[in-house]
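Listed here are the chains, written in short residue letters.
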Amino acid sequence: MTTIARNTALIPLSAAERLFGWRDHASLWLSLGVGLLVMQVGSFLVPALGTQAAMLAIVAGSVLGAGLLAWTAKLGCDSGLSSAGLMHATYGSSFARLPVLLNIVQLIGWTTFEMVVMRDGVLAIGQRAGVALPLALVTIAFGLLLIGLLTGSMVTLVRKFIGRFALPLVILSLLWLSWQFLGKAQAMGWSEIWNRSGSGGMSTMGALDLVIAMPISWLPLVADFSRHGRDGASALRGTWLGYAVANAWCYTLGVLVALTTPSTDLVAALLLAQGGLIALGLILVDEVDNAYGDLYSGSVAGHSLVPKWGTRAWGIALAVLCTGLAMVLPMHSLEPFLLMLSSVFVPLYGVILGRLGGRDEVAKLVGASRANPGAVAIWLLGVACFHLLPQVSTQFGSALPTLALTFVL
């Protein structure tokens, strides 16, 4: 007699498993929203844009992007479904395997990229301190740390570690860095900084697209965490507040660093600040939860495809794979590929929000059809639209028009 493994990714969580309140959602997404990569992208906004235009794009993009993330979080919480479950409910149980698989591939890529960022940061700190650290040893150490985290409970990690310890330390480091670079801006003259004009090469809408890119990149993950929430309203409020604050703060800090300490290496620029060594170290500690978030979501997606493997086994296997890839892949040359792969999820979630947003009993749609031709056609049209728009005009960006088109259709 054979037993069929229970696919927990495609069924709603029970009430006993829903422990997150709005503070847990806010802590998690404020922590996940902080990262060196976000600051690096923020530094790209200038000198192409003037300071005022850059700040307008940062505030508007953070509020709007975090709002989309929060709406998806509410959908996951209300239904109790994982991200894979939402894909199954929208696209049909057979076809949904394709976007789920694509999500796993991008999560492997982004986890590997995060590991490279963390490793290079540690190596830079070691070099500044006069200690030559072996690249392979640092990479393996991060891999073992992630494996250790994945063997525990995600809910416990969020509620007892991130909320109580990691997040306060990261906020202190951001406050310290902000104080240091605001001081440099003051020395240069507030009027000169604030009224500085852009050199051109990027429109405000293009910058808005760049700011929204970060919260949108989390759309395929958010339901895996928000389904553990007690109610949809608190998931929406907490996710929106937490991520909007983190995104706006890190983008603004990236702009400040670029204006006051021009450098092609953000890590080097941060290390130049007084106390930068400690602040950067704390941010690197927080960077671990980004890689953990990618791996946890990847493990839930993997479990939805092969349920005989639990999420813990999937998480450990993916962590081992990413550790190996981090030691051999030229990640900086792979970043454009990862961004291109991420582009398929903008129209994917435009369709999910349009189809499922506001609907009751979403969970009953899982398994109701093998493929939903209408949803599939709109998604493919959206992918084409995303890549064709820059060929037509660079003034409007790709993410917002594509998201609007697929949502309305």
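See the structure shown above.
Residues numbered from 1 in each chain as written. Predicted model: local features only at pLDDT ≥ 70, side-chain atom pairs only at ≥ 80, totals over all residues. Heavy atoms only, no water.

Some remarks on the overall build of the protein
Rules: Put simply, DSSP H or I for four residues or longer makes a helix, DSSP E for two residues or longer makes a strand, and each gets a number counted from the N terminus. All radius of gyration figures rest on C-alpha atoms, and the globule criterion is 2.2 Å times the number of residues raised to 0.38. Burial classification: accessible surface area is computed with a 1.4 Å probe over protein chains only, and a residue below 20% of its type maximum counts as buried, one above 50% as exposed, and the rest as partly exposed. We call two residues in contact when some of their heavy atoms are within 4.5 Å. Residue-level accessible areas treat just the shown protein chains as cover; the underlying method is Shrake-Rupley with a 1.4 Å probe. Under the convention used here, Asp and Glu are negative, Lys and Arg are positive, and both His and the chain ends fall outside the count. A charge is said to be at NZ when it belongs to Lys, at CZ for Arg, at CG for Asp and at CD for Glu.
Per the secondary structure count, the protein includes 18 helices and zero strands. Rg of the C-alpha trace for the protein: 21 Å, near the compact-globule value of 22 Å for 409 residues, within the 12% margin. Across its three principal axes, the protein shows a C-alpha extent of roughly 70 × 45 × 40 Å. Counting every position in the protein, which comprises 409 residues, the buried fraction comes to 54%. Within the protein, counting contacts between residues at least 6 apart in sequence, those at least 24 apart form 88% of the total. When the accessible surface of the protein is split by element, carbon and sulfur atoms take 69% of a total near 17,000 Å². Averaging the coordinates of the 21 positive side-chain charges in the protein and doing the same for the 17 negative ones gives two points 9 Å apart.

Brief notes about the pattern of salt bridges
Cut-off, in case you're wondering: Definition used for salt bridges: Asp or Glu carboxyl oxygen within 4 Å of a side-chain nitrogen of Lys or Arg.
Under the counting rule described, the total for this entry stands at four salt bridges. Note that K74 is salt-bridged to D78, the shortest N-O span being 2.6 Å. Pair noted here: K74 and D78 are both in helix α3 (residues 51-79), with a separation of four residues, about one helical turn. The partly exposed category is assigned to D78, whose relative accessible area is 46%. We note a salt bridge from E361 to K364, for which the minimum N-O separation is 3.4 Å. In this pair, the class of E361 matches that of K364, namely exposed.

A few points about a nonpolar patch on the surface
The condition that has to hold: Each patch is built from salt-bridge-free residues with over 30% relative accessible area, joining like charges within 9 Å and nonpolar side chains (Val, Leu, Ile, Met, Phe, Trp, Tyr) within 5 Å.
Residues L135, I140, L144, M327, V328 and L329 make up a contiguous nonpolar surface patch of about 520 Å² in total accessible area. If you tally residues by element for the nonpolar patch, the top one is helix α6 (residues 135-150), at three residues. With respect to the helices, strands and loops of the structure, L329 is situated in the loop between α14 (311-328) and α15 (331-342).

Details of empty space enclosed by the protein
Defined as follows: Here a cavity means grid points, on a 1 Å grid over the protein atoms only, where a 1.4 Å probe fits yet cannot get out; a pocket means an open set of points with protein on both sides within 12 Å along at least five of seven lines; lining residues are those with an atom within 4 Å of a point. Grid points are joined across faces, edges and corners, and a volume is the space filled by probe spheres set on the points.
All told, the structure shown has one cavity of 30 Å³ or more when counted by the stated rule. Here the largest cavity defines a volume of roughly 50 Å³. Every residue lining the largest cavity is listed: L28, L32, L157, V158, I162, F225, D289, Y292 and G293. If you list the elements that add at least two residues to the lining of the largest cavity, you get α1 (22-33), α7 (154-188) and α13 (276-305).

Topic: the environment of H303
Test applied: For the purposes of these results, a polar contact is taken to be a pair of N or O atoms within 3.5 Å, where, inside protein, one atom must be able to donate a hydrogen and its partner to accept one; residues adjacent in sequence count only when each atom of the pair is a side-chain atom.
Its location among the elements puts H303 in helix α13. Using a relative accessible area of 4% as the deciding quantity, one classes H303 as buried. As for H303 and A84, which are separated by 219 residues in sequence, their C-alpha atoms are 9.5 Å apart. A distance of 3.1 Å separates a polar atom in the side chain of H303 from a polar atom in the side chain of T8. Polar side-chain contacts of H303 include one of 2.8 Å to the backbone oxygen of W309.

Brief notes about helix α9 (residues 204-217)
Basically, it comes down to this: Under the convention used throughout, the expected extent of a helix is 1.5 Å for every residue step, that is, one less than its residue count. Working definition for bend: take the seven residues up to and ending at a residue and the seven starting at it, fit an axis to each, and measure the angle between the axes.
Relative to the 20 Å expected for 14 residues at 1.5 Å per residue, α9 spans 20 Å between its end C-alpha atoms, a close match to the ideal helical length. Its maximal kink placed at V211, α9 deviates by approximately 25 degrees, while the proline P215 follows within four residues. Where α9 is concerned, the buried positions are G206, A207, L208, D209, V211, I212, M214, P215 and I216. Check the buried side of α9 and you find it contacts α2 (36-43), α3, α10 (219-226), α11 (232-260), α16 (345-356) and α18 (399-408).

With respect to the packing of aromatic side chains
Short version of the rule: Only centres within 6.5 Å qualify two rings of Phe, Tyr or Trp (six-membered ring in Trp) as a pair; their planes then separate them into stacked at under 30 degrees, edge-to-face at over 60, and tilted for everything else.
Across all of its chains, the model carries eleven aromatic pairs by this definition. Taking 6.4 Å as the distance between ring centres and 40 degrees as the angle between the ring planes, the aromatic pair formed by Y91 and F95 counts as tilted. Between W110 and F113, the ring centres sit 5.8 Å apart and the planes meet at 80 degrees, which makes this aromatic pair edge-to-face. In this pair, W110 and F113 both sit in helix α5 (residues 97-128), three residues apart, roughly one turn of the helix. Judged by its relative accessible area of 12%, W110 falls in the buried class. By the ring-pair criterion, three or more aromatic residues cluster together here, those being W29, W218, F225, Y243, Y292 and Y296.

What to know about the packing of α3 against α16
Keep this limit in mind: Between N-to-C directions, angles cover 0 to 180 degrees, with each direction set by a line fitted to C-alpha atoms, over the stretch in contact for helices. Oblique is the label for any angle not under 35 degrees, not over 145, and not in the 65 to 115 range, which are roughly parallel, roughly antiparallel and roughly perpendicular in turn. Crossing chirality is assigned from the near helix's rotation relative to the far helix, an anticlockwise turn below a right angle marking it left-handed and a clockwise turn marking it right-handed. We call Asp, Glu, Lys and Arg charged. Ala, Val, Leu, Ile, Met, Phe, Trp, Tyr, Cys and Pro are nonpolar, and the rest, Gly among them, are polar.
Following both chains from N to C, one finds α3 and α16 inclined at 50 degrees, their axes separated by 11 Å at the closest point. Taken together, the axes of α3 and α16 are oblique relative to one another. You can see that α3 and α16 cross each other, and the crossing is left-handed. Across the interface between the two elements, L68, W71, T72 and L75 from α3 touch Y349, I352, L353 and L356 from α16. The residue inventory of the contact of α3 with α16, partitioned by class, reads seven nonpolar, one polar and no charged.

Brief notes about α14
Keep this limit in mind: Think of the arc as the fan of directions from the helix axis to the C-beta atoms.
Here α14 is 18 residues long and its end C-alpha atoms lie 26 Å apart, about the 26 Å a rise of 1.5 Å per residue gives. Taken together, the buried positions of α14 are W314, G315, L318, A319, C322, T323 and A326. End-on, the buried residues of α14 take up no more than an arc of 165 degrees, which puts them together on one face. Of the exposed residues in α14, those oriented more than 90 degrees away from the buried face are V320 and V328.

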